[in-house]
Amino acid sequence: MLGCVRIATVRQMASVITAEESDGRSYVRRAMVELAELGLAETNGKHGKDKIWNLTVAGQKALADGNELPPRPKAGTGAKAVKAGFGPHGLAVTDTILAYGGRRLLTDWQVEVNHAIKETGLSFNTDAVLAWPTKTSEVRLFELDNGTMSQARLAKEVWDYERYAGHRVWEGARGTIGGTFPFWQRHRYTRSQTFPRLHVVLAGKEEHLLDNRLQALADDVKGIAVAVWVNTLPRLQRGEPWYEIGVDDPDRRRRRYPEPVGR
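Everything numeric here is computed off the predicted structure, so don't read it as measured data.

Can you break down the sheet that holds strand S10 (residues 228-232) residue by residue, with the values?
Spatially, S4-S5-S6-S9-S10-S11 is the arrangement adopted by the six strands of the open sheet, whose pairing is mixed. Two strands close off the open sheet at either side, each with one partner strand: strand S4 (109-117) and strand S11 (243-246). Across this sheet, the average inter-strand angle for adjacent strands is 35 degrees, counted without regard to direction. With five bridges connecting them, strand S9 (residues 198-202) and S10 associate as parallel partners. Bridging across to S10, histidine 199 finds its partner in tryptophan 229. Of the strands in this sheet, S4, strand S5 (122-131), strand S6 (139-145) and S9 touch helix H6 (residues 87-99), which is tilted by about 140 degrees from S6.

What follows is the structure, encoded as structure tokens:
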């Protein structure tokens, strides 16, 4: 689990490892002490009274050697994020992952996945990416706001996904007319026909404030040309539906972003 979500509390791990309706925190707590004694896991901070656990580099290597998860060569342990004060955000990402499929989809997640276009300088990390192959798309993207960003910054982060989706690259051999293609489809999600749906999860505040933030975000990204769904973490944990605030529209994206110049 720590190899997938990077950081977690005993409560979060127990909710996955133990049977439904049972409290396995004591079992997990003992197991984490044993892993720590072996040098495979460690704790670098707390959230309230709960220790935040992560794998060590040795723990990541042991997990990779077991070949039980897809390779994650650039994945950090999460220790630096916890020490820097980002533990609450990371734990909210873990809660989102557990609320969206729980143990059934656990091994299909990766966290802090970079999306970048060197030519334009655009670069951002997606909080979590779920491998969810369908006929039209291979992943789903998840962005979490733990109540720490301004409304303007949150909206900008969502618009960055449209900028990423709208960038096109020119391809063609010398002496040919060539053509332009979406960067993401050529170089990132090559098995997808549509740009992956973005799920925005709002957390970290009282629920009525999260509802206000949801409505404000919908207003701020009105007319965006990528598929965007938004929900609050409490609603997601209760199994309540998502709100659609953006629709995938590749034609509108193409009109908005300039075509690259060919050779």
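Give me the packing of helix H7 (residues 151-166) against helix H9 (residues 207-220): which residues, what numbers.
At a closest axis distance of 10 Å, the pairing of H7 and H9 adopts a crossing angle of 50 degrees. Overall, the two elements H7 and H9 adopt an arrangement that is oblique. By crossing handedness, the relation of H7 to H9 is classed as right-handed. Along its contact with H7, which presents Gln151, Leu154, Ala155, Val158 and Trp159, the element H9 presents Arg213, Ala216, Leu217 and Asp220. Grouping the amino acids of the contact of H7 with H9 by side-chain chemistry returns six nonpolar, one polar and two charged.

Tell me what's going on with the packing of helix H2 (residues 10-17) against H6, and back it up with residues and numbers.
H6 packs onto H2 with a crossing angle of 15 degrees between their chain directions and a minimal axis gap of 11 Å. Taken together, the axes of H2 and H6 lie roughly parallel to each other. Both H2 and H6 take part in a crossing whose hand is left-handed. From H2, Arg11, Gln12, Ser15 and Val16 reach across to H6, where they touch Leu91, Thr94, Asp95 and Leu98. Residues of the contact of H2 with H6, tallied by class, amount to three nonpolar, three polar and two charged.

Any details on the pairing of S6? Residues and values, ideally.
With seven of its seven residues buried, S6 lies for the most part within the structure. On S6, burial covers both faces: Val139, Leu141, Glu143 and Asp145 on one face and Arg140, Phe142 and Leu144 on the other are all buried. By the bridge criterion, four bridges tie S5 to S6 in an arrangement that is antiparallel. Opposite alanine 128, over in S6, you have phenylalanine 142 as the bridge partner. Here five bridges tie S6 to S9, and the two strands are oriented parallel to one another. When the bridges of S9 are listed, phenylalanine 142 appears paired with histidine 199.

Explain the side chain of arginine 213 residue by residue, including any values.
The residue arginine 213 is located in helix H9 in this model. A residue is classified by how much of its surface remains accessible, and arginine 213, at 10% relative accessible area, is buried. A distance of 3.4 Å separates polar atoms of two side chains, one belonging to arginine 213 and the other to glutamine 151. Sequence-distant contacts of arginine 213, that is, excluding residues within four places in its chain, are made with Asp145, Met149, Ser150, Gln151, Leu154 and Leu202.

How would you summarise the pairing of S9 if you had to cite specific residues and measurements?
Here S9 lies mainly inside the structure; five of its five residues are buried. Taking every second residue as pointing to the same face, both faces of S9 are buried, with Leu198, Val200 and Leu202 on one and His199 and Val201 on the other. Tracing the backbone out of S9, into H9 and back to the parallel element S10 gives a crossover that is right-handed.

So what's going on with the environment of threonine 77? Which residues, and what values?
Mapped onto the fold, threonine 77 is located in the loop between helix H4 (57-65) and helix H5 (79-83). Exposure remark for threonine 77: the relative accessible area of 15% places this residue in the buried category. Sequence separation between threonine 77 and threonine 9 is 68 residues, and the spatial gap between their C-alpha atoms is 14 Å. Filtering out sequence-adjacent residues up to four positions away, threonine 77 remains in contact with Arg6, Ile7, Asn54, Leu55, Thr56, Val57 and Gln60. Within the structure, threonine 77 has its side chain in polar contact with the backbone nitrogen of alanine 79 (distance 3.2 Å).

Rules used throughout
- Residue positions within a chain follow its written sequence, with the count starting from 1.
- Note on the predicted model: pLDDT of at least 70 is required for a residue's local features to be given, and 80 or more for side-chain atom pairs to be given and counted; whole-chain, interface and lining totals, by contrast, use all residues.
- The basis for every side-chain value is the complete set of non-hydrogen atoms in the structure, without hydrogens or water.
- In this analysis, strands are considered paired if DSSP registers two or more bridges between them.
- Secondary structure elements follow DSSP: runs of H or I no shorter than four residues count as helices, runs of E no shorter than two count as strands, and numbering proceeds from the N terminus.
- For every element, the axis is a line fit to its C-alpha atoms; helices are fit only across the contacting stretch, and the angle between N-to-C directions ranges from 0 to 180 degrees.
- Contacts between residues were defined by any pair of non-hydrogen atoms, one from each residue, lying within 4.5 Å.
- The labels follow the angle: roughly parallel below 35 degrees, roughly antiparallel above 145, roughly perpendicular from 65 to 115, and oblique for the rest.
- The crossing is said to be left-handed when, going from far helix to near helix, the turn is anticlockwise and less than a right angle, and right-handed when the turn is clockwise.
- The nonpolar class holds Ala, Val, Leu, Ile, Met, Phe, Trp, Tyr, Cys and Pro. Asp, Glu, Lys and Arg form the charged class, and all remaining residues, Gly among them, are polar.
- Between buried and exposed lies partly exposed: a residue is buried under 20% and exposed over 50% of the maximum accessible area for its type, with that area taken using a 1.4 Å probe on protein chains only.
- Any pair of N or O atoms that falls within 3.5 Å is considered a polar contact. Within protein, one atom must be able to donate a hydrogen and the other to accept it, and sequence-neighbouring residues count only if both atoms are side-chain atoms.
- Call a crossover right-handed when, viewed with both strands pointing away from you, the route from the first strand across the helix to the second goes clockwise.

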